[in-house]
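Per-entry structural report
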Amino acid sequence: MEQAVNWLNGILWSDPVIYICLAVGLLFSVLTRFLQVRHIKEMVKLMFQGKSSKAGISSFQAMSIALSGRVGTGNIAGTATAIAFGGPGAVFWMWAIAFIGASSAFVESTLAQIYKVKQDGQYRGGPAYYIEKGIGSKWFAVAFALSALLAMSVLLPGTQSNSIATGLKNAFNITPNVTGIILVVIIGLIIFGGVKRIANVAQLVVPFMALAYILISFVIIAMNISELPGVLSLIFKSAFGADAAFGGMIGMAISWGVKRGIFSNEAGQGTGPHAAAAAEVSHPAKQGLVQAFSVYIDTLLVCSATAFMILFTGMYNTVGADDTIIYRGLAGVEPGPGYTQAAIESALPGFGSSFVGIALFFFAFTTIMAYYYIAETNIAYLTFGKNNKLPMFLLKVVLLFATYYGAIRKADLAWTLGDIGVGLMVWLNLIAILLLAKPALVALKDYEKQKKQGLDPVFNPEKLGIKNADYWVNEYDKNNNDKEKLTS
């Protein structure tokens, strides 16, 4: 089985795919005139605007759900494995894919808003919806929905629970079996409560843990501030093969940096749009900009925090393509959360293992919550207009089983299966957003035009020539009718 899994992973994440991910992000950056720089102030402002409704959630709640999916084991264990197999230069390529990937996140999240629907009293949307309504391909949409369902309910939860189990075993000597049971009970209580409960938990837990984690990294950086120039130099030199020790790893640095960067920030993967579609906003571009900023929070802040703690303290090992040890800073520690725990422990004795164990628990369990929400949305798409109570119940059972199983299985298999899940979605979603970029670019131009006129932008798809955006057509007509009644 492991051979088959590794073979499939090798195809999904072959070198051409890595470079295509970079190229797509760069293309969207150019087409949007680098909105990730031009609109950064607007992104922050929009993040705290908007309120929830009976059908939708606020922009901040939608971003929190998306961040729940983004800020997880990829930020702690994923960054560590990138350094272990790609060297310090992998960190630069994680930054690169985050910077250019923010434009991909804008495009996919704006599309999710444009083509969202109101289903069973709440907003639903995501790649399956915009593929069917925007491209007009039902089989393509179903293929994405099925791949997302497989990834979110079977392949990816185990990656998160495995890292939680490893972190708690290192910190508190809790056995993986016990960790698995605890996770199943807590996550079960939340996901049986629906999207509102998921949003309420996410908006409280994710910001708090992310801030605490970044603050600890600042403490460690401050304690080792004299090392900053050397660490930055090491990252940039290693990224381009200019460092003596890591010079032969440029290909591995790019590969692992991009792969782990996408695993962490999910830009272009097709996961963020599900939460983006649920937001209550007056214009699709608003939530597109908010979701673009969440990529920065994930990679440029949280992943960087992990990378700096590991590199500042030297608590890592790097292995070459032929399994030769290029750098050894730790003995007997597997790539993963153990690097981060050792880094914090070396600077703050008696604190590192427990803090990382707790951080991993909160980061990863909120990620599993987000996975459930994404899987639920795709079940809703596949069963549109039909009784879906049984499929929804079975989804919960499968996801909880995958969570438990992931906690007790080998780490390398868990990560490989997780990479396959991400790879399946990336392939399909990148094709979709390349074919369907025009409506998102038109929406951005319309948003910017209305802002220049001093207006709070509202969206009229018919005026812009965007078809099948039925929710927005009805919403625009309804708002105009309401205004006419007030003035008559």
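The rules behind each value
Counting restarts for each chain: residues are numbered from 1 in the order of the written sequence. Local features in this predicted model are restricted to residues of pLDDT 70 or higher, and side-chain atom pairs are both shown and tallied only at a pLDDT of 80 or more, whereas totals for entire chains, interfaces and linings draw on every residue. Where side-chain values are given, they derive from all heavy atoms of the structure, hydrogens and water being excluded. Under the DSSP-based scheme used, a helix requires at least four consecutive residues in state H or I and a strand at least two consecutive residues in state E, with every element numbered from the N terminus. With a 1.4 Å probe rolled over the protein chains alone, any residue whose accessible area is under 20% of its type maximum counts as buried; one over 50% counts as exposed, and the rest are partly exposed. Contacts are assigned to residue pairs with any non-hydrogen atoms lying within 4.5 Å of each other. All accessibility values rest on the Shrake-Rupley procedure with a 1.4 Å probe; residue burial counts only the protein chains present in the view. Definition used for salt bridges: Asp or Glu carboxyl oxygen within 4 Å of a side-chain nitrogen of Lys or Arg. A 1.4 Å probe that fits but cannot get out identifies a cavity on a 1 Å grid over protein atoms alone, an open set with protein on both sides within 12 Å along at least five of seven lines counts as a pocket, and a residue lines either if it has an atom within 4 Å of a point. Grid points are joined across faces, edges and corners, and a volume is the space filled by probe spheres set on the points. Here the term charged refers only to Asp, Glu, Lys and Arg, the term nonpolar to Ala, Val, Leu, Ile, Met, Phe, Trp, Tyr, Cys and Pro, and the term polar to all other amino acids, Gly among them. A helix is expected to span 1.5 Å for every residue after the first. At any given residue, the bend is defined as the angle formed between two axes, one fitted to the seven residues that end at that position and one fitted to the seven that begin there.

1. Side note on the overall build of the protein chain
Helices and strands together make up the secondary structure of the protein chain, namely 23 helices and 4 strands. Counting every position in the protein chain, which comprises 488 residues, the buried fraction comes to 61%. For the protein chain, the share of sequence-separated contacts (at least 6 apart) that also reach a separation of at least 24 residues comes to 82%. Of the roughly 18,800 Å² that the protein chain leaves accessible, carbon and sulfur atoms contribute 65%.

2. Side note on the pattern of salt bridges
Considering all chains together, one arrives at 8 salt bridges under this definition. Glu-42 is the salt-bridge partner of Lys-451, the closest N and O atoms lying 3.4 Å from each other. Residue Lys-451 is located in helix H21 (residues 437–452), and its partner Glu-42 is located in helix H4 (residues 40–47); the two are separated by 409 residues in the primary sequence. Overall, Glu-42 belongs to the buried group, its relative accessible area being 13%.

3. Observations regarding empty space enclosed by the protein
Using the criterion set out here, one finds 2 cavities of 30 Å³ or more in the structure. Breaking the lining of the largest cavity down by element, the ones donating at least two residues are helix H2 (15–31), helix H7 (89–114) and helix H20 (411–435). A per-class count over the lining of the largest cavity returns 7 nonpolar, 5 polar and no charged.

4. What to know about the environment of Phe-192
Note that Phe-192 resides in the loop between helix H11 (176–191) and helix H12 (195–223). Note on Phe-192: relative accessible area 47%, which makes it partly exposed. Spatially, the C-alpha atoms of Phe-192 and Lys-396 are 7.8 Å apart, while their sequence positions differ by 204 residues. Contact partners of Phe-192, with chain neighbours within four places excluded, come to Phe-393, Lys-396 and Leu-400.

5. Quick look at H7
The end-to-end C-alpha distance of H7, which contains 26 residues, comes to 38 Å, matching closely the 38 Å that a straight helix rising 1.5 Å per residue would cover. Approximately 40° is the largest bend angle found in H7, and it occurs at Gly-101. Summarising burial for H7: 25 of the 26 residues are buried, a large majority.

6. Section: the layout of surface pockets
Where empty space is left becomes clear once a probe the size of a water molecule has been rolled over the atoms. Of the pockets and cavities examined, the second largest pocket occupies roughly 330 Å³. Considering the residues around the second largest pocket, the lining is formed by 16 residues, among which Arg-33, Arg-38, His-39, Leu-444 and Glu-448 are closest to the centre. Mapped by element, the contributors of at least two residues to the lining of the second largest pocket are H4 and H21. The biggest single contributor to the lining of the second largest pocket is H21, with 8 residues.

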